[in-house]
Amino acid sequence: MDVTGWGQIKSGPNPEPKDFPDDLMVVRLKMNSDADCRKMFPYYVTPEMFCIGKKSKTTGTGDSGGPVVMKRVTTKEPVLIGIISGGRSDTLAGTICSNLTHFGSWIEKRINDEDPRYECKNVFPTP
């Protein structure tokens, strides 16, 4: 699966502007097993999450909120399957992601709901 972001590309406790890319970055990461995910993040992982990456290859600070995309096996069409949630900066163990497949019906209901609390409004003024 591919993740994209503007997050930190050079690890360290006090990032400087040079530690972030000038261009949007993309990295291909593998999904970890549920057991490995729970080992890396024993108190954080719920069934609505999955983990990607390993210590040597993962996302960076600032990538949170970015997309996790897989290609359909049959059509090779990209499909958004997750959102980068975060990781542990002390170990760079991997990255926790929200699993959108668990929220698909909730998202669809909100999109189609006429409840004004969920109304999408145009925030850009019309000239």
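Residues numbered from 1 in each chain as written. Predicted model: local features only at pLDDT ≥ 70, side-chain atom pairs only at ≥ 80, totals over all residues. Heavy atoms only, no water.

**Thoughts on the overall build of the protein chain**
Rules: To qualify as a helix, a DSSP run of H or I must reach at least 4 residues; to qualify as a strand, a run of E must reach at least 2; elements of each kind are numbered from the N terminus. Buried means the residue's accessible area, taken with a 1.4 Å probe over protein chains only, is under 20% of the maximum for its type, while exposed means over 50%, and partly exposed covers the values in between. In this description, contact between two residues means that some pair of their heavy atoms is separated by no more than 4.5 Å. Accessible surface is estimated by sampling points in the Shrake-Rupley manner with a 1.4 Å probe; for residues, cover comes only from the protein chains shown.
For the protein chain, the helix and strand inventory stands at 2 helices and 6 strands. Scanning the protein chain from its N terminus toward the C terminus, one meets helices and strands in the order β-β-α-β-β-β-β-α. Per-residue burial for the protein chain yields a buried fraction of 26% across its 127 residues. Taking as baseline every contact in the protein chain between residues at least 6 positions apart, the subset at least 24 positions apart corresponds to 47%. As displayed, the protein chain offers around 9,400 Å² of accessible surface, 57% of which is attributable to carbon and sulfur atoms.

**Looking at the confidence of the model for the protein chain**
Rule in force here: Summary of the metric used: pLDDT quantifies the predictor's per-residue confidence within the range 0 to 100.
The pLDDT averaged across the protein chain works out to 80; a share of 83% of its residues lies at or above 70. Mean pLDDT per element in the protein chain: helix 2 (residues 104-112) is the minimum at 77, and strand 4 (residues 67-71) is the maximum at 92.

**Thoughts on the sheet that holds strand 4**
Let me state the cut-off plainly: Strand pairing is assigned whenever DSSP detects at least two bridges linking the two strands. Lines fitted to C-alpha atoms define the axes here, with helix axes fitted over just the stretch in contact, and angles between the N-to-C directions of these axes take values from 0 to 180 degrees.
Strand order in this open sheet of 6 strands is 2-1-4-5-6-3, and the pairing throughout is antiparallel. Each end of this open sheet is capped by a strand with a single partner; those strands are strand 2 (25-28) and strand 3 (49-52). Looking at each pair of strands side by side, their axes are set apart by 35 degrees on average, direction ignored.

**A look at unusual backbone geometry**
A positive phi angle is found at Lys 76, which is not glycine, with a value near 65 degrees. Residue classification places Lys 76 among the exposed residues on the basis of a relative accessible area of 53%.

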